[in-house]
Each structure stands twice: as structure tokens, then as C-alpha cells.
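# Topology and contacts: notes
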Amino acid sequence: MKLRTTCIGVVVALFIMVTFWGCGSKDTLPATVTFTEHVAPILYRNCTICHRPGGSAHFALVTYDDARKSAVSSAFAVKEQLMPPWPADPHYTEFIGQRILSDRDKKIIQQWADEGAPEGPKDKMPALPGYPVGSLAGTPDMSIPVQPYFLKANSSDKFLLVKVPFELPADTFASLIEFIPGNRNVVHHVNGDMVKYEFDKKKNVFADLRIVNMEEDTASLKQAFEKLGIPNDDGTYPVLRKSVVNYLPGAYGQRYPEGVGGYSLPRKGVFLLNDVHYGFTNKDDVLDSSYINIFFAKGPPKRPVQEFQIGTLSSFGTAPVLPDLVILPNTVKPVYCEYTIPEDISVLTINPHMHLLGKSFKAYAVTLAGDTIRLISIPRWDFNWQYFYTFRKMVKIPGGSTMIAEGVYDNTRQNLNNPFSPPQLVQEVQGSMRARDEMFQFIVTYVPYKEGDENISLETPGTTR
Ligand code: HEC
């Protein structure tokens, strides 16, 4: 009897909830949309991490005045899914930290803009969330400054290769390595590797140039490495550990759950920041003083993260871009590359990479049984937002599966990012990272599979935003 009453209670409660959701406030829009009541909460949840004073965007969306000025462009940007920037299709696969506006949120911003962007009652204004200054992960054990760089007003975007040398008292271990931009407004993105020296093979890691401009100063990556003094003293090359420190506005270093990931740090080493991309600035001599934070770990990584890349500069030399990355002017060209996964792996993070002619990108794996494992779909490539996408849970790919990455390039005038007008022949130039040469790359970080990995959540609160 008691049980039955409870059951009826639950059914009634469910009925009320369903009815409430069905015709309640979720789908219908408020009669009058105001900034303080409806719009500010959406902006604070989805936009102000970048659109605030000191944030990465060049204008704020914090106060009523800020937002009112951008009401029409904001409505357009969210309708077209340009903002918040998240090029991956959330219907294909979901990732940690994804920023997607619901249709209702988009309609609210649209209606607010259409109705002349009214302010609403001042006492309804929500509080702006607190944003961390410096690290998101606590107090680092060590911070290494990146050599400051002076930008000139009205200069074009800069792509730099930056060396950040370090020397430690002993070999040690780290759980997280984090890039903190000095000036969020101009540091656009950073992908950083670590060069690990054997102690006796390199006398002075601090010698030679610290910064090379990839577009202007060098013909090839090898030449750039030489200018930066990357080789050992005898001219041989040290070990390079890829993608240890990455940054994009709104996305920070990823700390994996206990037992996964981590790094061995050599006594002598160099962080090699590829593609340090400084955007356009209208002020002269903007000083950017960025730094790298290191969080030490007690022991060696139990399951060190491994990485491979397919396509341009493929880790295996066996997964080249097909048919080839030669894109004739006035053509749209599809390419692909594929790689057979030799053993069971658990994928953590993926990074699709193309330059300015990129139009779309898709990657998936097909198992021996013919099942498709979705990895990522980017229907509209955006050069500016090349995230390292981390899965919510590890994704198992059984050995023998074929991993396939497909890209489409648009070398027509319709591509507004085309670096050439009229369009010109653009191709992959091995070793060139210049934005006007093309690349097609898919970087995968993983650990060898262990029973139960697919249930391990990669979301660790506080380290990813
Ligand atoms: C991850 C950081 C980030 C987030 C989150 C973000 N923006 Fe932006 N937004 C930018 C940056 C950076 C630019 C400037 C692009 C540039 O400088 O060319 C920009 C540009 C814009 C523009 C101007 C587009 C143009 O034509 O220049 C609008 C409007 C805009 N954002 C609105 C929004 C709104 C509304 C949201 C939230 C729903 C949002 N943004 C979330 C970083 C962000």
C-alpha cells in the first residue's frame, strides 16, 4: 500500500514535470526580452570569458552599454554560429568545454536586438562570474617567462616559433604544463612541444635566438631550428615530445585524471612554441609577456600520453595526404588520409589542422567489424579556432581499425580567407608552417587501451574552461 502510494506520487510528479516542460517556459520566449533579465545571463555563461576587459576579444559584453552597442552583430554572430566559437558539430561528437548556444538562447538575443535592446530592471542584473587571473589549476611550482615580443601597430598577423629554455636541478616529472598569455588580446594561439636534451649533449640551452618569424625570416623549419639552436652541440637532433602545452582563447591546459598523462622533464630542455600567432593590433609596441606554468608530479607518469599525427609530416610517413595537397586556383579539392591502428588505444584529445583554404574536416575510425567510431566533424572550417578537442570519456579504438581523416579545401574567390586574390596554386610544402602554404593534419593523443577505459571521465573540474 505504502509502495503503491509512492508510485502514484512519482507518476503524478512526472506528469506535472512533463506538462510543465511541454508547455512551460522552456520553449516560449518572454513577452519582452530585456538585458538584465534574459540576455546578461546568456552572455555571462557563454561570452564574457573572452568578451570582458582583459579578455581575448577586442570588445566587452559585460555592461548594458557594451552589449547594446553589439546587439545586432551579436544576434547575427550567434544565429550564424560564428559565436561562441566552436567549429565542431555537437551533433556528431561532444567534447569537454564545448560552447554551444541553445536555439532558445539564440532566439532571445535575436528578439532583444529586434526590439531595440531594452535594459530591463536594474535589480535583476546578475553578477559577473569570477575569472581566474594567471593559472586555472592552482599555484604552479615553477613559472618560466617567455621572451617578450614587441608588435608594431597595423602590422599583419605574426606567426612565430619561440624557444623557451629551462634548466632544472634534476630530472623530474610534471602533471600539467600551462601557457598563460601575457596579453590575451594579441596572443591568438600556441601549440608547444618539448625538446628533451641528454644533459651532456647540449652545453647551453639558453644560447642562440629565442624567436623566429616563420613568414619572414626562414625558408624551412630546419633552418628555423638552426637559428634557434635546437640541435645538440654535435649537430644531431634531440628528442621532441609533441603538444605538451597548447593554448587557444577560452581553452586551457588539460589535466587528465589521476593515473593518466603527465610528463617527464629533462634537466635541460626547451619548450618550442609553434605557431605563436599574434593577431593584428592597432597600438604600437604592445608588450606581450607570456609565461609557462609547470605543476610538478610526485612520480613518473603511470600511463604517459602518446601521440601520432597523420597527413602532412605524418608520424609514420605512411599516412600521406591523398591524392595530394596541391590545390589549383579556382578549385574545391577534397583530400583524405588513412592509417591502420596497430593495437587497441584509448583516445584522449584530437586536433584537426588546416590553414586558410580549409573548408571542412571530418575524422572517424572504421573497425574490422565495420562499425564507425565518430571522432569529429567540422562542417565549416575556421582557421582561427583550432582547438585540441578532449573527449568527455576516453574513446576506445580497437586495433586493426582504420582511422580516416577527410578534408575539403576551397581555393576560389568565394573563400573569404583565401590569402591570394586572384587565387593561386597553393600546396603542401614539407616543413613549412606558413599560413599561405597548406597543411592537412590530424593529431591524436592516446594511451594504450586498458579494460574499462571507455568509462573513465576526462573531466576534471577546474582545469578546463
Ligand atoms: C573563446 C572566446 C570567445 C567567446 C566564448 C565568444 N567570443 Fe565573440 N569573439 C571572440 C574573438 C576573439 C572575437 C574577435 C575576432 C577578431 O578579433 O577578429 C570575437 C568577435 C565577436 C563578434 C564580432 C564579430 C565581428 O564581426 O567582428 C561578436 C558580435 C561576438 N564575438 C559576439 C559573441 C557572443 C554574443 C558570444 C557569446 C554568445 C561570444 N562572442 C563568445 C572571442 C569569443
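If you're wondering where the values come from, they're calculated on a predicted model, not measured in any experiment. (Residues numbered from 1 in each chain as written. Predicted model: local features only at pLDDT ≥ 70, side-chain atom pairs only at ≥ 80, totals over all residues. Heavy atoms only, no water.)

Closest axis-to-axis distance for the helix α2 (residues 35-46)/helix α5 (residues 103-114) pair is 10 Å, and the angle between their directions is 130°. With respect to their mutual orientation, α2 and α5 come out oblique. Seen along the crossing, α2 lies across α5 with a hand that is left-handed. Touching Phe35, His38, Val39, Ile42, Leu43, Arg45 and Asn46 of α2 are Asp105, Ile108, Ile109 and Trp112, all from α5. Split into classes, the residues belonging to the contact of α2 with α5 amount to seven nonpolar, two polar and two charged. (Axes fitted to C-alpha atoms, helices over the stretch in contact; angles between N-to-C directions. Helix = DSSP H or I, 4+ residues; strand = E, 2+ residues; numbered from the N terminus. Parallel < 35°, antiparallel > 145°, perpendicular 65-115°, else oblique. Left-handed = near helix turned anticlockwise from the far one by under 90°. Contact = heavy atoms within 4.5 Å. Nonpolar A, V, L, I, M, F, W, Y, C, P; charged D, E, K, R; others polar.)

Another aspect to go through is the sheet that holds strand β1 (residues 142-145). Strand pairing in a sheet relies on backbone hydrogen bonds, with the paired strands running either antiparallel or parallel. In space, the four strands of this open sheet follow the order β1-β11-β4-β8, with antiparallel pairing throughout. This sheet does not close on itself; its edge strands, each paired only once, are β1 and β8 (263-265). Taking the axes of each pair of neighbouring strands and ignoring which way they run, one obtains an average angle of 45° across the sheet. (Pairing = 2+ DSSP bridges.)

It is worth spelling out the coordination of the iron atom of the ligand at this point. In the first shell of the iron atom of the ligand, the protein supplies His51 (NE2) and Met83 (SD), at 2.0 to 2.2 Å from the metal. Angles of 87 to 179° at the metal separate the six donor atoms of the iron atom of the ligand, which places the site in the octahedral class. In this pair, His51 sits in the loop between α2 and α3 (64-69) while Met83 sits in the loop between α4 (71-79) and α5, placing the two residues 32 residues apart along the sequence. Judged by its relative accessible area of 9%, His51 falls in the buried class. (Donors = N, O, S within 2.8 Å, 3.2 Å for Na, K, Ca; no water. Tetrahedral: all angles 85-135°; square planar, octahedral: opposite > 155°, others 65-115°. Buried < 20%, exposed > 50% of the residue type's maximum accessible area, 1.4 Å probe, protein only.)

In this model, the second largest pocket occupies a volume close to 850 Å³. If you go around the second largest pocket, you meet 32 residues; those closest to its centre are Gln81, Leu82, Arg380, Trp381 and Asp382. Across the lining of the second largest pocket, the residue classes break down as 17 nonpolar, eight polar and seven charged. Residues lining the lining of the second largest pocket come from more than one domain, with at least three contributed by each of domain 1 (31-124) and domain 3 (307-455). (1 Å grid on protein atoms, 1.4 Å probe; cavity = no way out; pocket = protein on both sides within 12 Å on 5 of 7 lines; lining within 4 Å. Points joined across faces, edges and corners; volume = space filled by probe spheres on them. Domains from an automatic or database assignment.)

Inspection of the secondary structure assignment puts Val187 in strand β5 (residues 187-197). Separated by 131 residues in sequence, Val187 and Ser56 place their C-alpha atoms 8.0 Å apart.

To continue, consider the pairing of β1. Where burial is concerned, the two faces of β1 differ: the one with Met142 and Ile144 is buried and the one with Ser143 and Pro145 is not. Pairing geometry for β1 and strand β11 (residues 291-296), over four bridges, is antiparallel. Looking across to β11, one finds that Ile144 is bridged to Ile292.

Turning our eyes to something else, we now look at the nonpolar core. Judged by nonpolar contacts, the single largest core of 45 residues is most densely connected at Ile350, Phe361, Ile376, Phe440 and Phe442. For this core, the secondary-structure elements that each account for two or more residues are β12 (306-311), β14 (332-340), β15 (345-354), β16 (358-366), β17 (372-378), β18 (389-397), β19 (402-410) and β21 (440-448). Inspection of this core shows a minimum of three residues originating in each of domain 1 (31-124) and domain 3 (307-455). Beyond its immediate sequence surroundings of up to four residues, Phe442 is in contact with Phe308, Gln309, Ile310, Ile350, Asn351, Pro352, Phe361, Ala363, Leu375, Ile376, Met403 and Ala405. Grouped together as the second largest cluster of nonpolar side chains are 28 residues, Tyr149, Val186, Tyr247 and Tyr263 included. (Core = buried A, V, L, I, M, F, W, Y, C linked by side-chain atoms within 4.5 Å.)

A few words now on the site of the ligand. Close to the ligand lie 21 residues; Cys47, Cys50, His51, His58 and Met83 are nearest. His51 is positioned such that a nitrogen or oxygen atom in its side chain is 2.7 Å from a nitrogen atom of the ligand. The side chain of His58 places a nitrogen or oxygen atom 3.2 Å from an oxygen atom of the ligand. In the shell around the ligand, the residues fall into 14 nonpolar, six polar and one charged. (Near = heavy atom within 4 Å. Polar contact = N/O pair within 3.5 Å; in protein donor to acceptor, adjacent residues only side chain to side chain.)

On inspection of all chains with the given rule, the structure shows 11 salt bridges. Where Arg68 meets Asp65, a salt bridge forms, and the shortest distance between an N and an O atom there is 3.1 Å. Here the residue Arg68 and the residue Asp65 both occupy positions in helix α3, the gap between them amounting to three residues, near one helical turn. Residue Asp65 is classed as partly exposed on the basis of its relative accessible area, which comes to 43%. For Lys396, the salt bridge identified is with Asp344, shortest N-O distance 3.9 Å. Note that Lys396 is positioned in strand β18 and Asp344 in the loop between β14 and β15, a separation of 52 residues in sequence. The class of Asp344 is partly exposed, set by a relative accessible area of 32%. Each of the salt bridges in this network shares a partner with another, and the network as a whole consists of Glu94, Arg392 and Glu459. (Salt bridge = Lys/Arg side-chain N within 4 Å of Asp/Glu carboxyl O.)

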